[in-house]
Amino acid sequence: MKQEQNNKPFSISKQTVYDAWKGVKENKGSAGIDAVSVKDYGQHLGKNLYKLWNRMSSGTYFPQPVKLVEIPKSKGGKRPLGIPTVNDRIAQTTVVLYLNERLDKEFHQDSYAYRPGRSAIDAISTARQRCWRYDWVLDMDISKFFDTIDHDLLMRAVQRHVTEKWILLCIERWLKAPYETIKGERIERTMGVPQGSVIGPVLANLFMHYVFDKWMHIYHPEIPFERYADDTICHCCSQSEAERMKTVIMNRLTECKLMLNESKTCIVYCKDSYRKESHESISFDFLGYTFSPRGAKNGKTGTFFTSFLPGISQKSKNRIAETIRSWQLHRDPDMDLIKLSSIAEAPVRGWVNYYGKFYPSILKQSLQMLNHAIVRWARRKYKRFKGSFKRTWQWLIRVYQKNPKLFYHWCRGVIPCYYKLKPVKIRRAV
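This one's a predicted model, so the numbers in the text were calculated from it and none came from an experiment.

Draft legend 1. Quick look at the overall build of the protein chain. Regarding its fold elements, the protein chain presents 16 helices and eleven strands. Split into buried and exposed, the 430 residues of the protein chain put 48% on the buried side. Taking as baseline every contact in the protein chain between residues at least 6 positions apart, the subset at least 24 positions apart corresponds to 68%. Here the protein chain displays about 22700 Å² of accessible surface, and carbon together with sulfur accounts for 50% of that area.

Draft legend 2. Geometry of the confidence of the model for the protein chain. Mean pLDDT over the protein chain: 91, with 95% of residues reaching 70 or higher. Of the regions scoring below 50 in pLDDT, residues 1-5 engages in nine contacts with residues more than four places distant in sequence or in other chains.

Draft legend 3. Layout of the nonpolar core. I90, F145, I171, M216, C234 and I249 are the most contacted members of the largest nonpolar core, which has 66 residues in total. The greatest single-element share of this core, amounting to twelve residues, is contributed by helix α10 (residues 199-219). Setting aside chain neighbours within four positions, we find F145 in contact with A204, F207, M208, D230 and L258. Listed in part, the 51 residues of the second largest apolar core include Y112, L337, F385 and L396.

Draft legend 4. The arrangement of the side chain of T16 in detail. Structurally, T16 can be placed in helix α2 (residues 14-27). Judged by its relative accessible area of 15%, T16 is buried. Ignoring any residue separated from it by four or fewer positions in sequence, one finds T16 in contact with T94, L97 and Y98.

Draft legend 5. Region of the structure containing helix α13 (residues 337-355). Taking 1.5 Å of rise per residue, 19 residues should cover 27 Å, and α13 covers 25 Å from first to last C-alpha, within 8% of that figure. Residue E345 marks the point of greatest curvature in α13, where the axis turns by about 40 degrees; the proline P347 follows within four residues. Along α13, the residues that are buried comprise L337, L340, S341, A344, V348, W351, V352 and Y355. Packing partners of the buried residues in α13 comprise β10 (289-297), β11 (304-312), α12 (314-327), α14 (360-381), α15 (389-402) and α16 (408-411).

Draft legend 6. Spotlight on the sheet that holds strand β6 (residues 225-228). Reading across the sheet, the four strands line up as β6-β7-β3-β8 and stay open at both edges, with antiparallel pairing between neighbours. Edge positions in the open sheet fall to β6 and β8 (266-269), since each of these has one partner strand only. If you compare each strand with its neighbour and ignore which way they point, the axes differ by 15 degrees on average. As paired strands, strand β3 (residues 136-140) and β8 are joined by four bridges and run antiparallel to one another. Its bridge partner lying in β8, W136 is registered against Y269. Strands in contact with α10 are β3, β6 and β7 (231-236); relative to β6, the strand with the most contacts, it is inclined by about 175 degrees. Strand contacts of helix α11 (residues 239-255): β3, β7 and β8, with the helix running at about 25 degrees to β3, the strand carrying the most contacts.

Draft legend 7. Highlighting the packing of aromatic side chains. Tallied over the entire structure, the rule returns 23 aromatic pairs. With 5.7 Å between their ring centres and 40 degrees between their planes, Y50 and W53 make a pair best called tilted. Residue Y50 and its partner W53 are located together in helix α4 (residues 45-58), separated by three residues, close to a single helical turn. Note on Y50: relative accessible area 39%, which makes it partly exposed. W53 gets classed as buried once you look at its relative accessible area, which sits at 2%. Measuring from centroid to centroid gives 4.7 Å for W136 and Y269, while their planes differ by 40 degrees, and the two rings are tilted. Note that W136 is positioned in strand β3 and Y269 in strand β8, a separation of 133 residues in sequence. Using a relative accessible area of 2% as the deciding quantity, one classes W136 as buried. Over the ring of Y112 we find R118; its NZ or CZ atom is 5.5 Å from the centre of that ring. Cation over ring: R173 sits above F62, and NZ or CZ is 3.7 Å from the ring centre.

Draft legend 8. The packing of α10 against α11, seen in detail. The geometry of α10 relative to α11 is characterised by a closest axis approach of 10 Å and an angle of 140 degrees between their N-to-C directions. Accordingly, the angle class assigned to the pair α10 and α11 is oblique. When you trace α10 past α11, the crossing you get is right-handed. On the side of α10, the interface is formed by Y210, V211, F212, W215 and M216, while α11 contributes M245, V248, I249, R252 and L253. The class makeup of the residues in the contact of α10 with α11 is nine nonpolar, no polar and one charged.

Definitions and limits used
- Counting restarts for each chain, with residues numbered from 1 along the sequence as it is written.
- Restriction of local features to residues with pLDDT of at least 70 applies here, the model being predicted, together with a cutoff of 80 or more for giving and counting side-chain atom pairs; totals for whole chains, interfaces and linings are based on all residues.
- Side-chain metrics rest on all non-hydrogen atoms present in the structure, leaving aside hydrogens and water.
- The way it works is that DSSP assigns letters per residue, a run of H or I at least four long becomes a helix, a run of E at least two long becomes a strand, and they are numbered from the N terminus.
- Buried residues are those whose accessible area, probed at 1.4 Å on protein chains only, stays under 20% of the maximum for their type, while exposed residues exceed 50% and partly exposed ones sit between those limits.
- Contacts are residue-level and defined by heavy atoms, with any inter-residue pair within 4.5 Å sufficient.
- Per-residue and other accessible areas were derived by the Shrake-Rupley procedure at a 1.4 Å probe size, with only the shown protein chains allowed to occlude residues.
- Confidence scores here are pLDDT values: one per residue, from the predictor, ranging 0 to 100.
- Nonpolar cores were defined as sets of buried Ala, Val, Leu, Ile, Met, Phe, Trp, Tyr and Cys residues, with membership established by side-chain atoms within 4.5 Å.
- The span one expects for a helix is its residue count, reduced by one, times 1.5 Å.
- Two axes define the bend at a residue: one fitted to the seven residues ending there, one fitted to the seven starting there, and the bend is the angle between them.
- Two strands qualify as a pair provided that DSSP identifies no fewer than 2 bridges between them.
- Interaxial angles span 0 to 180 degrees and are taken between N-to-C directions of axes, which are lines fitted to C-alpha atoms, for helices over the stretch in contact.
- Geometry of aromatic contacts follows a simple scheme: Phe, Tyr and Trp rings, the Trp one being its six-membered ring, pair when their centres are within 6.5 Å, and the pair is stacked under 30 degrees between planes, edge-to-face over 60, tilted otherwise.
- Lysine and arginine charges are scored as sitting over a ring when NZ or CZ, respectively, is within 6 Å of the ring centre and within 35 degrees of the ring normal.
- Orientation categories follow fixed angle ranges, with anything under 35 degrees roughly parallel, anything over 145 roughly antiparallel, 65 to 115 roughly perpendicular, and all other angles oblique.
- Left-handed describes a crossing whose near helix is turned anticlockwise from the far helix through less than a right angle; right-handed describes the clockwise counterpart.
- Side-chain classes are defined by residue name, with Ala, Val, Leu, Ile, Met, Phe, Trp, Tyr, Cys and Pro counting as nonpolar, Asp, Glu, Lys and Arg as charged, and the others, Gly among them, as polar.

Structure representation (structure tokens):
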């Protein structure tokens, strides 16, 4: 293998390429424009990986067009999602494996996205603590961030950390690879990185490191912030300071060929029992949570007060509701409770583990909808329940009492309790 590598212009480890394949296989994902799935690719794995390694090592690797899929947004419009082929995802993962370790040590401590040992929950936890210390927040939104990243500026950032010519060559080709629609139309790309690609998040994070993180560290070290990809909030001591920061950050983004979405960017007052000022905006959304004034209890004195805390956002609650409705449990009365619980297990566990970290009582209200969905399913399955919701709820309560660990949300305190609940109307699926 060493002799074979020495004969190539670029030295790339075969083991790294194989490790990249394992990562792509684990992440699964749909086929790209060539319609080759992960399973199809694995049927001739040795041949396919050798061909990819050979082309990357010799500099003759060229990516295929990126499959363009448009995902509907919750508030209207569509978000472009680029899906590279499995072969290109393996190549991108190979480069990511080379880059991750060297880039991570360069990133700012308050950059949380796409980094080992850091998560969105860490960003939310830090934001919560700083909202207690700073009265004002500048909540920013960059307009079409992934789609408007300037290629020349991005490559300048990459070249600060990368000397391997084969990596630079691959990245340049991935940036220029055109989109291809389902209808076969080609769309040339002169800016942006595809959302859905493996390399995209790494490049976007590196770009924002120089555009924002490092710039803030040099010119405004007194302003703490949390950034997760392009979702960013800054903490300020006064409204005037927040307004000033909005202006200077807007100018900075313009210099780097990005644009601040002014309609979604706002200055928020972190209202609580001890802050007496008033402002039109006293809440903001960050990473699926809404930060707003909420009731709290002092653990030492037992007194109640208003604190500025994060809780699951309405947008996130709507997504949970839509997911539960999409299961259409009532349309499969032949299913048993074990199968039903297996359908709900993974999604509910994910919701609880993420949205249950802060102010979990709000999440529990949303998960009660699953209990109502189970009741509706039972009324379809058992004829004796068709005439009475009350009997169905009594039956479900008995099921819970006999097997309280059957459903994951039951284990976390979201138990069926008919008499204490207002009936939740479940919209009939079309």
